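Residues per chain, in single letters:
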Protein chains: 2
Amino acid sequence: MNDAPDTEPAWPDYLVRPQPDDPKLSTAVTGVDHTGAAVSTRVVHEKPLTLYLNAQEIVTMMTIGDHPEELAIGYLLNQGMLKANDSVTGVDVDEELGVVVVRTPEQTNFESKLKKRTQTSGCAQGTAFGDLMEVIEGVKLPKAEARTSWLYALTHKINTTPSLYLEAGAIHGCVLCKQDRPLIYMEDVGRHNAIDKIAGYMFRHEIRPDDKIFYTTGRLTSEMVIKTVRMGIPVLVSRSGFTAWGVELARQAGLTLIGRARGKRFIALSGAERIVFDQDLGFVEDESARHRRKGAGGDD
Amino acid sequence: MNDAPDTEPAWPDYLVRPQPDDPKLSTAVTGVDHTGAAVSTRVVHEKPLTLYLNAQEIVTMMTIGDHPEELAIGYLLNQGMLKANDSVTGVDVDEELGVVVVRTPEQTNFESKLKKRTQTSGCAQGTAFGDLMEVIEGVKLPKAEARTSWLYALTHKINTTPSLYLEAGAIHGCVLCKQDRPLIYMEDVGRHNAIDKIAGYMFRHEIRPDDKIFYTTGRLTSEMVIKTVRMGIPVLVSRSGFTAWGVELARQAGLTLIGRARGKRFIALSGAERIVFDQDLGFVEDESARHRRKGAGGDD
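Residues numbered from 1 in each chain as written. Chains lettered and ligands numbered in written order. Predicted model: local features only at pLDDT ≥ 70, side-chain atom pairs only at ≥ 80, totals over all residues. Heavy atoms only, no water.

(A) Region of interest: the state of the cysteines. Evaluation of the coordinates by the stated rule reveals zero disulfides over all chains. Between Cys177(A), a cysteine without a disulfide, and Cys174(A), which holds the nearest cysteine sulfur, the sulfur-to-sulfur distance is 10 Å. (Disulfide = S-S within 2.5 Å.)

Laid out in structure tokens, this is it:
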């Protein structure tokens, strides 16, 4: 644990950060390497977690298992099943059964709609998918700045923060940032879980989105764009690449979309007007081998 | 297109390989780079494709859109909604509507079960998930060899094959191989689509699984292990990392699970008895920068 570091760490500002030493999140396993020699290595856990909204079963997610309350609420918010002004009266987690129940004072709109729909088709996922597109239309993301000096400071701090990724690989990270400070760093097997956990945390702690920058290790797909827009965050940054629809939706929504951010390089394919090129590039190092994400997983 | 190469290519054996020049699969977009200069880059398409099994809506998938018939059949097989000995009387694709319909002579077992279940819960996904575990229990994967000389030859051939990954990034690849020969190389935004396309192709072309090696760029999660086992393939190889449950299921099923395969290195965490260490490591190069997957996506 890093509770009492000897020297001041590079990550003093986190509200939430990875706990790579938590024995529930990863485990040591033995095998052989390419020479046939015995080796021991750490691998992350993934467990099914079934989410209920009141009495309605919604989905079974595969997750590393930390922050189940935030994951549950964030999933419902990012799917539009729960609205930002809905109130949540309780979240019950049964770790043994792998169940999380989110309770609202009354049946939600989503539940009523679903009840009608299941009589014809039967899949909660389909319902949610159709509604996702509504988010993009008519959205107005706030004016904001994304200074290149912040971006380089952020990626350096994030890459050097102790994490399950550095410990065991095969995992994604998402980080909510303000200016040059990473605030909430969540990890999970799927990048969608990591972003949902941050959405859930923001909801529970009333964190404002309009002055934030969202960083992800994962690709900039339509779903990541839709979730970021739904969360009201104006800037999305990734070390990974783009899909065409992700770019198109970002442009429709006016989201600043920055990808392939490695070392001093990046490409912005939407909302470049928010970028302030204030960093002298002579002082930025190219990505060192030490901090290159090996894609030993996680670079999806 | 590579139909008439001047010199003999390193990939003469493919039954199916990526078509990076297909204009339907990627598109050029413009943006700015880290210096503020205008740039043009290629990005892959992703489109929703809604799958029906006869009259039953099953799921909406995000896909690059090639091989929709194979994707549809493979999805149903790998979810256990279609059995290996079911017959398929037709697959209709409507590209404009983004719909694919798989037809069987009679209503499948899955449809009858689903009809009962939707009256109580309403989600096809949940049903399928519960059944996935049954696959692992009592499975008997065939004896087979995975020679290290084959593994090094395979990764070299796959990494140098023209692909959407090399063209645009942000995509996964899965390859069905026999000994040192890659046979079927499918790509898609999600690794699960790529493996499903291969399952669908194997079903339609009666390709035997017991002497094959399955290669994926994606992580070795429980779902990838379950799908490989369901397909009857005894060896699963990835350049990415492992999850704990993926390892546990592979051990239960007796699947050979090889991960973090980069340059001359790899780690096997299950089924190492199938590995024959026949390669003189002095003749294997470490992964060159040229063929390192940048994780510019795709390295999930």
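(B) Broad picture of the packing of helix H1 (residues 68–78) of chain B against helix H6 (residues 191–204) of chain B. All names here are of chain B. In contact at an axis separation of 6 Å, H1 and H6 are set at 95 degrees when each is read in the N-to-C sense. Taken together, the axis directions place H1 and H6 in an arrangement best described as roughly perpendicular. Between H1 and H6, the contacting residues are Glu69, Glu70, Leu71, Ile73, Gly74, Tyr75, Leu77 and Asn78 on the first element and Asn193, Ile195, Asp196, Lys197, Ala199, Gly200, Tyr201, Phe203 and Arg204 on the second. Its residues assigned to classes, the contact of H1 with H6 shows eight nonpolar, four polar and five charged. (Axes fitted to C-alpha atoms, helices over the stretch in contact; angles between N-to-C directions. Helix = DSSP H or I, 4+ residues; strand = E, 2+ residues; numbered from the N terminus. Parallel < 35°, antiparallel > 145°, perpendicular 65-115°, else oblique. Contact = heavy atoms within 4.5 Å. Nonpolar A, V, L, I, M, F, W, Y, C, P; charged D, E, K, R; others polar.)

(C) Structural detail: the nonpolar core. Residues Ile184(A), Ile198(A), Phe214(A) and Leu257(A) are the most contacted members of the largest nonpolar core, which totals 39 residues. Residue contacts for Phe214(A): discarding those within four places in its chain leaves Cys174(A), Val175(A), Leu176(A), Ile195(A), Ile198(A), Thr228(A), Met231(A), Ile233(A), Val235(A), Leu236(A) and Val237(A). Counting 38 residues, the second-largest nonpolar core is a separate cluster that includes Ile195(B), Phe214(B), Ala250(B) and Leu269(B). (Core = buried A, V, L, I, M, F, W, Y, C linked by side-chain atoms within 4.5 Å. Buried < 20%, exposed > 50% of the residue type's maximum accessible area, 1.4 Å probe, protein only.)

(D) Looking closely at the sheet that holds strand E13 (residues 265–270) of chain A. Spatially, the eight strands line up as an open sheet ordered E9(A)-E8(A)-E10(A)-E11(A)-E12(A)-E13(A)-E1(B)-E2(B), and their pairing is mixed. Looking along the sheet, the strands with just one partner apiece sit at the ends: strand E9 (181–188) of chain A together with strand E2 (38–44) of chain B. Across the sheet, the mean angle from the axis of one strand to that of its neighbour is 30 degrees, orientation sign disregarded. With two bridges joining them, E13(A) and strand E1 (residues 26–33) of chain B adopt antiparallel strand pairing. In the strand pairing of E1(B), Ile267(A) is matched with Asp33(B). The sheet contacts of helix H4 (residues 148–160) of chain A involve strand E8 (172–178), E9, strand E10 (213–216), strand E11 (235–238), strand E12 (256–262) and E13 of chain A, and relative to E9(A) the element is tilted by about 45 degrees. (Pairing = 2+ DSSP bridges.)

(E) Structural view of the packing of aromatic side chains. All names here are of chain A. For the structure on display, the rule yields two aromatic pairs over all chains. Considering the side-chain rings of Tyr14 and Tyr185, the 6.2 Å spacing of their centres and the 40 degrees angle between planes classify their relative orientation as tilted. One end of the pair, Tyr14, is in the segment before strand E1 (26–33); the other, Tyr185, is in strand E9, with 171 residues separating them in the sequence. For the pair shown, Tyr14 and Tyr185 are each scored as buried. (Phe/Tyr/Trp six-rings, centres within 6.5 Å; stacked < 30°, edge-to-face > 60°.)

(F) Quick look at helix H8 (residues 244–253) of chain B. A large share of H8(B) lies buried, amounting to seven of its 10 residues. Once H8(B) finishes, Gly254(B) follows within two positions and takes phi at roughly 70 degrees, a positive value.

(G) Structural view of the pattern of salt bridges. Overall, the coordinates contain 26 salt bridges over all chains when judged by the stated rule. Across the pair Glu145(A) and Arg147(A) runs a salt bridge whose closest N-O atoms are separated by 2.7 Å. According to the relative accessible area criterion, Arg147(A) is partly exposed, its value standing at 33%. A salt bridge links Asp188(B) to Lys197(B); the shortest N-O distance between them is 2.9 Å. Like Asp188(B), the residue Lys197(B) is buried in the burial classification. (Salt bridge = Lys/Arg side-chain N within 4 Å of Asp/Glu carboxyl O.)

(H) Region of interest: the environment of Thr221(B). Secondary-structure assignment places Thr221(B) in the loop between strand E10 (213–216) and helix H7 (222–231). Separated by 121 residues in sequence, Thr221(B) and Val100(B) have C-alpha atoms that sit 27 Å apart. Not counting residues within four places of it along the chain, the set of residues in contact with Thr221(B) comprises Glu46(A), Val189(A), Arg191(B), Thr243(B) and Gly246(B).

(I) A look at the confidence of the model for chain A. All names here are of chain A. Confidence along chain A averages 88 in pLDDT terms, with 85% of residues attaining 70 or more. Scored below 50 in pLDDT, residues 118–128 makes 30 contacts in the model with residues more than four places away or belonging to other chains. In this model, residues 295–300 is a region of pLDDT below 50 whose contacts with residues beyond four sequence positions or in other chains number 48 contacts. Both scores are given for the predicted complex: the pTM is 0.87, the ipTM 0.84. (pLDDT = per-residue confidence, 0-100.)

(J) Expanded view of the packing of helix H7 (residues 222–231) of chain A against helix H8 (residues 244–253) of chain A. Residue and element names in this part refer to chain A. Put simply, H7 and H8 touch, their axes get as near as 7 Å, and they point 25 degrees apart. Relative to H8, the element H7 lies roughly parallel. Facing Ser222, Val225, Ile226 and Val229 of H7, the residues of H8 in contact are Trp245, Gly246, Leu249, Ala250 and Ala253. Split into classes, the residues belonging to the contact of H7 with H8 amount to seven nonpolar, two polar and no charged.

(K) The arrangement of the environment of Ala144(B) in detail. Residue and element names in this part refer to chain B. Here Ala144 lies in the loop between helix H3 (124–136) and strand E7 (146–147). In sequence terms Ala144 and Thr217 are 73 residues apart; their C-alpha atoms lie 22 Å from each other. Ala144 has contacts with Asp210, Pro234 and Arg274, leaving out every residue within four places of it along the chain.

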